[in-house]
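These are the residues of each chain, in order.
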Amino acid sequence: QVQLVESGGGLVQPGGSLRLSCTASGKIFNIYVMGWYRQAPGKQRELVATLELSSQTNYADSVRGRFTISRDNAKSTVYLQMNSLEPEDTAVYYCNADLQVTAFQPRRDYWGQGTQVTVSS
C-alpha cells in the first residue's frame, strides 16, 4: 500500500521561509510526477508546483520565483522550498504522486494527508 507522508508545515511570518517534504513509501514500481497542491479555506484545491521524472517543472504563476520544487528519486521524496511567504499562501498543502505500483498496473494519483501552512504576523 502506497503512503505519502508530508512534513514541514507550520506558522511563519510574512517574508519568511518554510520547507515542505513528502516521502512516498510502500510498493512502488516507478514515480512519474511528484508535486504539491494547496487548498485555502473556502477555495478549491490548486496546483502549486510539479516535477516530472524528466526534471521538467511546472509552477503556479502566484508562486513562480518564490517557491522551488526539488526531488530526491533515490529517497522517493519531493521538497518544496517556500521563500518570501505571503498571507495569501496560507493553506493546507497536499503532496501528490503519479505512480505505478507494478509495471502491469496503470498509473494513478496518490495524495498525502496534508500539512498546514499559516503565514501571519
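That block above? That's the structure.
Now for a description of the structure that goes with this document.

Thresholds, definitions, all that
- Residues numbered from 1 in each chain as written.
- Predicted model: local features only at pLDDT ≥ 70, side-chain atom pairs only at ≥ 80, totals over all residues.
- Heavy atoms only, no water.
- Disulfide = S-S within 2.5 Å.
- Helix = DSSP H or I, 4+ residues; strand = E, 2+ residues; numbered from the N terminus.
- Buried < 20%, exposed > 50% of the residue type's maximum accessible area, 1.4 Å probe, protein only.
- Core = buried A, V, L, I, M, F, W, Y, C linked by side-chain atoms within 4.5 Å.
- Contact = heavy atoms within 4.5 Å.

**Comments concerning the state of the cysteines**
In protein chemistry, a disulfide is the covalent bond that joins the sulfur atoms of two cysteines. Taken as a whole, this structure holds one disulfide when the rule is applied. Between the sulfur atoms of Cys22 and its disulfide partner Cys95 the distance amounts to 2.0 Å. The sign of the -80° torsion about the S-S bond sets the Cys22-Cys95 disulfide as left-handed. With Cys22 in strand β3 (residues 18–25) and Cys95 in strand β9 (residues 91–100), this residue pair connects regions lying 73 residues apart in the sequence. Residue class for Cys95 comes out buried when judged on its relative accessible area of 0%.

**So, the nonpolar core**
Counting residues in each nonpolar core, the largest one holds 31 residues, and the members touching the most others are Trp36, Val48, Phe67, Ile69, Leu80, Met82 and Tyr93. Residue assignment for this core shows that the elements contributing at least two residues are β3, β4 (30–39), β5 (46–52), β7 (67–72), β8 (77–82), β9 and β11 (115–119). Among the elements that line this core, the one with the most residues is β9, at five residues. Excluding its chain neighbours within four sequence positions, the residues that come into contact with Ile69 are Met34, Gly35, Trp36, Ala49, Thr50, Leu51, Thr57, Tyr59, Val78, Tyr79 and Leu80.

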